[in-house]
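# Residue-level structural notes
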Amino acid sequence: MLINSTMSGKKELFLPIHDNRVNLFVCGPTVYDNSHIGHARTYIFFDVVARYLKHIGFSVFYLQNITDVDDKIIDRAALQGISPRLLARTFEEKYREDMQALGVTNINYYARASEHIAEIISQIGRLIEKGFAYETQTGVYFDESRFGDFGKLSHQSLEDLEKHRIEPDPTKRNPGDFSLWKKRQDGPEVTWDSPWGKGRPGWHIEDTAITENYFGAQYDIHGGAMDLIFPHHEAEIAQMEATSGKKPLVRFWMHTGFLNVNGEKMSKSLGNFTTIRDMLQKFDADSFRFFVLSSHYRSPIDFSESALDQSRKSLERIRQAAKAIEEELERRRTSADEASQENENARAGLSEFRTKFLDAMDNDFNTPYALKAVFELVREVNRRINERSISKESLIEAGQLLDDFGRILGISFSVAQAGQSVSSGNNEDKTGNLIELLIDVRQKLREKKDWALADEIRNRLSEQGIVLEDAKAGGGRYSIKLSE
Ligand code: AMP
């Protein structure tokens, strides 16, 4: 399949680093408030990325960080008179509930920044040792002038970057140097001891410390919305490529366009936001997913209630077709003249809709074209039912196609699925995710040389009929074989 790479600006053939395994990381939220539907746009899209990659046979590990250490969290907690940790945990919980409600069910592991401080300190230490970072009275900074590739993702030269000055601090060598460790004395929950004194990590370093811990120095896909290209993702590249000496950090950088309101990015700072919770009071999650996926992920989308209402109606048309299929099948079951209504010539043809749908998804996750294929299928089936020229087999096939397309997009298309919404995550997905989780826990144990516990996990999975085969050194990590 082809995926657009922000780095090259072109669609490129997607092949994972390790055989069949795809390591996917998407920047998670800073948990100081309820998430809005702009966040939801980005997370719904990457949920579909995971669903589709799994559908075409990849084993996907989808990792997301949770920024639970941040100035915004500390300030908001002070305002509310509660501890920063309590505030962060409260909004993390709400974020997870929101994702569940939206059918974003394919994230295998949420990694909190506060639980990866040792990894962050280790990475900063190595950057200092290699001469890419330096300590001042206020903290530790990355020396942007030492990393020749700085700007390669956002396609900016060092001179261009000089224009975006960030974090004025007279102790820095270059105005654009960004913070890796902030020396602070803000209290126990938000400061940690480090070789550079008490403090807390800068924003960018948490992601590379986390991805290095779970994926190593290089991995397949990194996602986020396009506001993160600079400086956040640029800084991630500098940190990890400088630490490891390996390039590229990420094979495919993928960035979503914004969800806008009246042409302006929805954001907390502009105050033009609708929270996911508020939106779900008025609309159902499937209609919202339909709305998001009706546009290509790299294009902006303009949010309005009337646009969402339109999506609800379009989705209803698909569901009506699914209902008509069921009713027609039921009628055939009970009708005596079933044979006379079967038209064998009309059997062929439905697989073309599967091909169209998959071709669209293979072409950089072109969900609007995939939805077009769904509507073409719906039109064809309605026509054939009305003309009484559809066979029972074709009816069954059409129902199956709608189920499959719905599962890939995380939207309930068929009547049977609606109500026990696909978007709440089917059991197959959840079982797969749990197995992936156990595999990764076991990998961690092996890295810590806890062979006994690692073996116990393997043996107990084997008792359940799930056989793990350890990969050869350097190769893919595991393959899962369901035993007979
Ligand atoms: P934040 O918590 O603001 O760091 O955002 C979490 C994720 O949502 C990041 O990938 C952002 O780029 C993305 N995001 C924020 N606002 C929007 C928006 N209006 N449209 C699409 N994605 C957004």
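Residues numbered from 1 in each chain as written. Predicted model: local features only at pLDDT ≥ 70, side-chain atom pairs only at ≥ 80, totals over all residues. Heavy atoms only, no water.

### With respect to helix 12 (residues 351-362)
An α-helical turn contains 3.6 residues, so a residue and the one three or four places further along point in the same direction. With 12 residues, helix 12 should reach 16 Å at 1.5 Å per residue; the first-to-last C-alpha distance of 16 Å fits that figure. If you check which residues of helix 12 are buried, you get Phe 353, Phe 357, Ala 360 and Met 361. End-on view of helix 12: buried residues confined to an arc of 100 degrees, all on one side of the axis. On its buried face, helix 12 sits against helix 1 (37-55), helix 13 (367-386) and helix 14 (392-409). Where helix 12 ends, the next residue or the one after it, Asp 364, has phi of about 55 degrees, a positive value. (Helix = DSSP H or I, 4+ residues; strand = E, 2+ residues; numbered from the N terminus. Expected span 1.5 Å × (residues − 1). Buried < 20%, exposed > 50% of the residue type's maximum accessible area, 1.4 Å probe, protein only. Arc of directions from axis to C-beta. Contact = heavy atoms within 4.5 Å.)

### Things to note about the site of the ligand
Close contacts around the ligand come from 16 residues, with Thr 42, Ala 225, Asp 227, Leu 259 and Met 266 the closest. Residue Leu 259 places a main-chain N or O atom 2.9 Å away from a nitrogen atom belonging to the ligand. Between the ligand and the protein, one listed contact pairs a nitrogen atom with a backbone N or O atom of Met 266 at 2.8 Å. Of all the elements in the fold, those that place two or more residues in the shell around the ligand are helix 1 and strand 10 (219-225). Take the shell around the ligand: its biggest share by element is 4 residues, from helix 1. Of the residues that constitute the shell around the ligand, the class distribution is 7 nonpolar, 7 polar and 2 charged. (Near = heavy atom within 4 Å. Polar contact = N/O pair within 3.5 Å; in protein donor to acceptor, adjacent residues only side chain to side chain. Nonpolar A, V, L, I, M, F, W, Y, C, P; charged D, E, K, R; others polar.)

### Brief notes about the sheet that holds strand 3 (residues 21-26)
In sheet architecture, strand pairing relies on hydrogen bonds along the backbone and comes in two forms, parallel and antiparallel. An order of 5-4-3-10-11 is seen for the 5 strands of this open sheet, with the pairing classed as parallel. Only two strands of the sheet have a single neighbouring strand rather than two, namely strand 5 (109-112) and strand 11 (250-256). Going across the sheet, the axis of each strand differs from the next one's by a mean of 25 degrees, ignoring polarity. Where strand 3 meets strand 4 (residues 59-66), 6 bridges bridge the pair, whose relative direction is parallel. Its bridge partner lying in strand 4, Leu 24 is registered against Tyr 62. Each of strand 3, strand 4, strand 5 and strand 10 touches helix 6 (residues 203-215); the most contacted strand, strand 4, lies at about 150 degrees to it. Sheet strands in contact with helix 7 (residues 229-244) are strand 10 and strand 11, and its direction is about 160 degrees off that of strand 10. (Pairing = 2+ DSSP bridges. Axes fitted to C-alpha atoms, helices over the stretch in contact; angles between N-to-C directions.)

### Details of a nonpolar patch on the surface
On the surface, Leu 2, Leu 13 and Leu 15 cluster together into a nonpolar patch covering about 290 Å² of accessible area. Its place among the elements puts Leu 13 in strand 2 (residues 10-13). (Patch = residues over 30% accessible without salt bridge, like charges linked within 9 Å, V, L, I, M, F, W, Y side chains within 5 Å. Areas by Shrake-Rupley, 256 points an atom, 1.4 Å probe, with all protein chains shown as cover. Salt bridge = Lys/Arg side-chain N within 4 Å of Asp/Glu carboxyl O.)

### Focus on the pattern of salt bridges
Side chains bearing opposite charge may pair, as long as their charged atoms lie close to each other. Considering all chains together, one arrives at 38 salt bridges under this definition. For Asp 47, the salt bridge identified is with Arg 289, shortest N-O distance 2.7 Å. On the criterion of sequence distance, the pair formed by Asp 47 in helix 1 and Arg 289 in helix 9 (residues 285-293) is long-range, its members being 242 residues apart. Judged by relative accessible area, Asp 47 falls into the buried class, the value being 0%. Residue Arg 126 is joined to Glu 212 by a salt bridge in which the shortest nitrogen-to-oxygen separation is 2.9 Å. Of this pair, Arg 126 sits in helix 4 (residues 117-129) while Glu 212 is found in helix 6, placing the two residues 86 residues apart along the sequence.

### A look at the packing of helix 1 against helix 12
For any two helices packed against each other, one specifies the crossing angle of their axes together with the interaxial distance. Put simply, helix 1 and helix 12 touch, their axes get as near as 11 Å, and they point 120 degrees apart. Taken together, the axes of helix 1 and helix 12 lie oblique to each other. By crossing handedness, the relation of helix 1 to helix 12 is classed as left-handed. Contacts between helix 1 and helix 12 involve Val 48, Tyr 52 and His 55 from the former and Leu 358, Met 361 and Asp 362 from the latter. (Parallel < 35°, antiparallel > 145°, perpendicular 65-115°, else oblique. Left-handed = near helix turned anticlockwise from the far one by under 90°.)

### Quick word on the side chain of Asp 220
Tracing the chain through its elements places Asp 220 in strand 10. No salt bridge forms around the buried Asp 220; measuring N to O, its nearest opposite-charge neighbour Arg 251 is 5.3 Å away. Engagement of the side chain of Asp 220 in a polar contact is seen with the backbone nitrogen of Ile 17, the distance being 2.7 Å. The residues touching Asp 220, leaving out its near neighbours within four places in the chain, are Phe 14, Pro 16, Ile 17, Arg 21, Val 22, Asn 23, Val 250, Arg 251 and Phe 252. (Lys, Arg positive; Asp, Glu negative; His and termini not counted.)

### Comments concerning the sheet that holds strand 6 (residues 133-135)
In spatial order, the strands read 6-7-8-9; together these 4 strands make up an open sheet with antiparallel pairing. Single-partner strands in this sheet number two, and they are strand 6 and strand 9 (199-201). Averaged over all adjacent pairs, the angle separating strand axes in this sheet is 20 degrees, with direction ignored. By the bridge criterion, 3 bridges tie strand 8 (residues 178-183) to strand 9 in an arrangement that is antiparallel. Note on strand 9: the bridge partner recorded for Lys 183 is Gly 199. Across the sheet, helix 4 lies against strand 6, strand 7 (139-142), strand 8 and strand 9, angled at about 120 degrees from strand 8, the strand it touches most.

### Overview of the nonpolar core
Leu 53, Leu 102, Phe 288, Phe 365 and Phe 413 are the most contacted members of the largest nonpolar core, which has 84 residues in total. Broken down by element, this core gets its largest block of residues, 11 residues, from helix 1. Mapping this core onto the domain boundaries places at least three of its residues in each of domain 1 (17-282) and domain 2 (311-409). In contact with Phe 413, not counting residues within four places along its chain, are Leu 315, Ile 318, Arg 319, Ala 322, Leu 371, Val 374, Leu 402, Phe 405 and Gly 406. (Core = buried A, V, L, I, M, F, W, Y, C linked by side-chain atoms within 4.5 Å. Domains from an automatic or database assignment.)

### A closer look at the pairing of strand 11
The element strand 11 is extensively covered by neighbouring structure, given that 6 of its 7 residues are classed as buried. One ladder, built from 6 bridges, connects strand 10 with strand 11; its direction is parallel. Considered in strand 11, the bridge of His 222 is made with Trp 253. Between the parallel elements strand 10 and strand 11, the chain passes through helix 7 in a crossover that is right-handed. (Right-handed = clockwise from strand over helix to strand, strands pointing away.)

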